Each structure stands twice: as C-alpha cells, then as structure tokens.
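# What the coordinates show
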Amino acid sequence: MKLDYKHIPSGHCENGVIAGLLNYHGLKLNEALIFGIGSGLFFAHMPFIKIDSIAATSFRTIPGMIFAKAAKRMGIKMKKQTFRKQPKRAMDELDNTLNKGLPVGVQAGAFHLTYFPPAYRFHFNAHNLTVYGKEGDTYFISDPVIEYPTTLTYDELKRVRYAKGAFPPNGKMYYPISIPEEIDLKSAIKKGIKQTTKYMLDIPVPLFGVKGIRYLARSMKKWPEKFGPKKASSHLAQVVRMLEEIGTGGAGFRFIYAAFLQEVAIIMKNDAYNELSQEMTYIGDMWRDFSSMAAKICKGRSADKNGYNTAAHLLLDIADKEEQLFTELKKLIKNA
Amino acid sequence: MKKKNVPQDEGITAGISREVQYAVDENGKYVKTFSKGWEPKNIVNDIAWQDIQERVKEAVEKIKAGKASPILYYMQKNQMTVSLLADYVELSKWKVRRHLKPKGFKKLKPKHLEIYAKVFEIPVDELVNYKPEE
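So, a few notes on the structure that sits alongside this text.

## Thoughts on the sheet that holds strand 3 (residues 77-81) of chain A
Backbone hydrogen bonds hold the strands of a sheet together, and the pairing may be parallel or antiparallel. Residue and element names in this part refer to chain A. Read across the open sheet, the 6 strands follow the order 3-8-4-5-6-7; overall the sheet is antiparallel. Looking at the sheet topology across the chains shown, the edges are occupied by strand 3 and strand 7 (150-153). For this sheet, the mean inter-axis angle between neighbouring strands, taken without regard to orientation, is 40°. In this structure, strand 5 (residues 127-135) lies alongside strand 6 (residues 138-142), joined through 5 bridges in antiparallel fashion. Following the sheet pairing, E135 is matched in strand 6 by T138. Across the sheet, helix 4 (residues 87-99) lies against strand 3, strand 4 (104-108), strand 5, strand 6 and strand 8 (173-178), angled at about 65° from strand 5, the strand it touches most.

## Some words on the nonpolar core
All names here are of chain A. Among the nonpolar cores identified, the biggest contains 89 residues, and Y257, F260, W287 and F290 are the most heavily contacted of them. Residue contributions to this core peak at 12 residues, all from helix 7 (residues 209-244). Excluding residues that lie within four positions of it along the chain, F290 makes contacts with M220, L236, V239, V240, L243, A311, L314, L315 and I318.

## Remarks on the interface of chain B and chain A
With 41 residues of chain B at the interface, the matching set in chain A holds 51 residues. Taking both sides of the interface into account, the surface hidden between chain B and chain A amounts to around 4000 Å²; carbon and sulfur atoms contribute 55%. Considering only the surface of chain B that becomes buried against chain A, B:Y22, B:Y30 and B:Y88 emerge as the three largest contributors, covering 17% of it. The tally of links from chain B across to chain A stands at 4 salt bridges. Put simply, A:K164 and B:E90 hold a salt bridge, and the shortest N to O gap is 3.4 Å. Between chain B and chain A we count 17 residue pairs in polar contact (both at pLDDT 80 or more) in total. Looking at the side of chain B that touches chain A, the elements that each hand over two or more residues are strand 1 (19-24), strand 2 (30-35), helix 1 (39-64), helix 3 (82-89) and helix 6 (110-120) of chain B. No other element matches helix 1 of chain B, which puts 13 residues into the side of chain B that touches chain A. Taken together, the residues of the side of chain B that touches chain A sort by class into 21 nonpolar, 8 polar and 12 charged.

## With respect to empty space enclosed by the protein
One pass over the structure, following the stated rule, counts 4 cavities of 30 Å³ or more. Counted as a void, the second largest cavity has a volume near 50 Å³. Along the walls of the second largest cavity sit A:Y120, A:R241, A:E244, A:E245, A:I246, B:I12, B:E19, B:K41, B:V44 and B:N45, which together make up its complete lining. Elements with a contribution of two residues or more to the lining of the second largest cavity: helix 7 of chain A together with helix 1 of chain B. Looking at the lining of the second largest cavity, the element that brings in the most residues is helix 1 of chain B, giving 3 residues. The residue inventory of the lining of the second largest cavity, partitioned by class, reads 4 nonpolar, 1 polar and 5 charged.

## What about the side chain of A:H127?
All names here are of chain A. As for its position among the elements, H127 is in strand 5. Given the relative accessible area of 2%, H127 is considered buried. For H127, the side chain forms a polar contact with the side chain of D143, separated by 2.7 Å. Among residues more than four places away in sequence, those in contact with H127 are C13, V106, Q107, A108, L113, F116, D143 and V145.

## Digging into helix 5 (residues 154-161) of chain A
Residues and elements named next belong to chain A. Of the residues making up helix 5, those classed as buried are Y154, L157, V160 and R161. Seen from one end, helix 5 has its buried residues packed into an arc of 140°, which puts them on one side. Where helix 5 is buried, its residues meet helix 4, strand 4, strand 5, strand 6, strand 7 and strand 8.

## A word on the layout of surface pockets
The volume enclosed by the second largest pocket comes to roughly 900 Å³. A:R159, A:Y162, A:K164, B:Y88 and B:E90 are, among the 24 residues lining the second largest pocket, the residues nearest its centre. Counting only elements with at least two residues in the lining of the second largest pocket, the list comes to helix 5 of chain A together with helix 3 and helix 6 of chain B. The element that contributes the greatest number of residues to the lining of the second largest pocket is helix 5 of chain A, accounting for 4 residues. Classifying every residue of the lining of the second largest pocket by side-chain character gives 8 nonpolar, 4 polar and 12 charged.

## Side note on the packing of helix 7 of chain A against helix 10 (residues 305-334) of chain A
Residue and element names in this part refer to chain A. Helix 10 packs onto helix 7 with a crossing angle of 160° between their chain directions and a minimal axis gap of 8 Å. Between helix 7 and helix 10, the angle is such that the two are roughly antiparallel. For helix 7 against helix 10, the interelement crossing comes out right-handed. Residue classes in the contact of helix 7 with helix 10 are distributed as 16 nonpolar, 3 polar and 7 charged.

What counts as what
- Residues numbered from 1 in each chain as written.
- Chains lettered and ligands numbered in written order.
- Predicted model: local features only at pLDDT ≥ 70, side-chain atom pairs only at ≥ 80, totals over all residues.
- Heavy atoms only, no water.
- Pairing = 2+ DSSP bridges.
- Helix = DSSP H or I, 4+ residues; strand = E, 2+ residues; numbered from the N terminus.
- Axes fitted to C-alpha atoms, helices over the stretch in contact; angles between N-to-C directions.
- Contact = heavy atoms within 4.5 Å.
- Core = buried A, V, L, I, M, F, W, Y, C linked by side-chain atoms within 4.5 Å.
- Buried < 20%, exposed > 50% of the residue type's maximum accessible area, 1.4 Å probe, protein only.
- Buried area = accessible area lost by both parts, 1.4 Å probe.
- Salt bridge = Lys/Arg side-chain N within 4 Å of Asp/Glu carboxyl O.
- Polar contact = N/O pair within 3.5 Å; in protein donor to acceptor, adjacent residues only side chain to side chain.
- Nonpolar A, V, L, I, M, F, W, Y, C, P; charged D, E, K, R; others polar.
- 1 Å grid on protein atoms, 1.4 Å probe; cavity = no way out; pocket = protein on both sides within 12 Å on 5 of 7 lines; lining within 4 Å.
- Points joined across faces, edges and corners; volume = space filled by probe spheres on them.
- Arc of directions from axis to C-beta.
- Parallel < 35°, antiparallel > 145°, perpendicular 65-115°, else oblique.
- Left-handed = near helix turned anticlockwise from the far one by under 90°.

Right, dumping it as structure tokens:
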C-alpha cells in the first residue's frame, strides 16, 4: 500500500515533514511559514555542551519545538506517541496508522540511515522523515532533505527509530488528527515573530541571541592561542558545519527566515516586512561570507591570528545587523 | 543570495542528492532551488572526517602498544564515545571502559561479544581476531 503523498524537498527536515503531512490533509502551507510561526530562528553558543569535545553552536531552537509551537499556534491537533524500549509495538503502531490511510512523521537517528550520503551520517538523532506506505518488508519514505522519495526495510527503519545518544527518538511518531477549517494566520504569525525577537534580543544570558553571536566572536579570537592551530580549526569548522549543514536552507536558516518575512508581507498587507526580508537576505549573505572565510582558515589549518580576528570582526558586524533588524521587527509586530 | 549565484560545487552529496537552497529570483521573490554543494561546506566536512580518522589512528596505535582492545578501534570507527557505546550495548559506562582494555576484553563472555559485534555491524570473529595493520 502506498498513500498518495507528495514528497516536498525542504531546507529543514522538521518543517518539511509537517508541511508534507498538512499538505496531505489539504492544508497548503510552505516550509518558511511554518518555520517562522514555530519561531525556529535562533542563535546559541554553549561551551558547556560538547559535540566530540567541541562547543555546541546552534542556529535554531531545540528539536521538536518548531513543530510543537507551529501546530499549537495554528490550532492543529497532533497525535504524538513514543514507545520506550518497545520497538515491536512502535512498528506495529506505525503499520496500523498507515493502514488507516494516514502518513506518519517519524523521528530518526541519522547515523544508520542507509540512503544518506556518508557525509550526513553522524550521530544526530533529531532527524525527521515521513513514512507513507508499506509493501512486504519495505517502507516508502519521504525524507525532506533528500531530493527524491526513497525506501527503508523493516529492520533499517526500526534501527533508526531506536538510535541511542542525545535526543533518542524512542520510536517517536506523529500525525495530525484535527485541522481547523479556518486558521488565523495573522495571530499565529504575530506570536511566532514576537517570540523570535525575544529569543534574539531579550534572553538575559550572554550565550543566546545577538549576545551569543558576540560571545562566539570574543571566544573565537582566543582559539588559536588556546587550542593550537589544529584544534582551533576543528572548532571553527564545527561552527561552519552548523551554519551550512543540511537542513538550514543556507546561512543558518537566515534565508528561510527572509522567505518567511516575504510571506508575512503578503498576509499582513504591509510592505515594511519586505524591506526587512531584504535586510535579512543581506545578513544571510554576510553569514555566507563568514563561512567562506572560515573554511579558508580551516583548510590551511593555520593558526594565523589575523584570520581568526577578521572572522570574529565579521561576526560582530553580523550581530549589530541582526540586533537592528530584530529591534525593528519587534516594533513592527507590536503595532500590527 | 541570488538564484543565479547558488553554488553548484559537487562534493559530499554527489550522485546521491541535491540540497534545497533558498534564494531570490529575478523579481526579488524567494524560491526554493537545488544546490549540488558548496566548496566551503566540502572543506569543513573534510575537516570533521579528518578528525574522525585521527581518532581511529590513535586507537590503532594504542592497540598495537597493548594498551587498548579492538573495541576502541570499532568505537572510534563508528564515531562513538564511551557513553554512546554504553547506550547502544546497554551496559554501564564503567563496564564498557573495562572492555576497552585488553584484559577486560579477554574476559568478555560470548553473549557480550555478540552484542558489541552487532552494534558495530561485524561478525564476532572479526571483532575477536582484529589485528591492527602494520
């Protein structure tokens, strides 16, 4: 059995799966709108959380949050289930739901995803995909970060649903059970933007938002001395990987957010959001310049202090620009 | 970024997929486009793999010196830490640490060897008879 599910390649897996599931039930919303309403944009640099002994940097909110917030703000009810240490039940329940004619969103670990390019296969457990059918031992999979629909065997799917480590999926699956006839997009957008401006400007801890970008810039200047050339470049490479890794749509989600602001301009009938979208695009391009510059430093594995200093200065410029943008956005949404 | 400037530098996804990239078209409107890749991404991904290879090499050296068991090699090869491996084999971290030493490895029961081999996706023989290359 194969459901009539439309595969939507997306910048980001979580948005892509929700967009696909809602689309199946007749609600056509694009990824950017879901990302913005779910307040997906963020910045965090957390030296106390380590990935392979390297400080974690993130350009988005924690996994699952975009999805939960977007659904709540639009009045969509989702059924969510996890099955701790019950893989058989998790698979049975998936089959039952598919048999009811419902495509299912599933959380998965990336490391054992057989159809992924080797470069994607790290121990990252907050990946999402849609299962939209089953024939014999084979499941039909729509993975939004892969260009075409694909398949997994029963054992392969079970394995990724029970990946171990941080954010273990524990067989998590989800699907919409009720979608309101009319959705108040304006109110949902307002809530989404308000929270993002709060995240970026008002968290009273220096690790997050615009302050977090400045904090990263200050730390970065010290890396060559603190870690030596090799380790310093591993740290810098990690930042660029988070910024440009699959699922960002480019430049740490800044381009997706710019696309969202264009949608907002239409829905709110206010051209001021288009201007901010252009500004966000400009900021995204600055992040791309940073990636480009940083990759050059990494490639040589040089501890050239000037290189790190220049990169850090660019980050400070970006922080100023983002502060300006979110301050304007905050004002705009307050009066909307 | 403008649509016409979306980079198409083949690399990490070559032959398997293309990534979605958001970009602005001729009319200033955002569209989803596909990108085959971007050189800076290929570079930083390379760095991450070099770091993994480095850890594998260190493991091999330790095994040669009689300071570690084959489990360390497969653990590093699978990009795992002690705590992640402990999660996968469903044993405590201190037990896994003991199995990382040659002495603890020799004492491993067949049942546990099988669990490790299954997690590493190799036959038990390969794990037990692992010899570091010269």
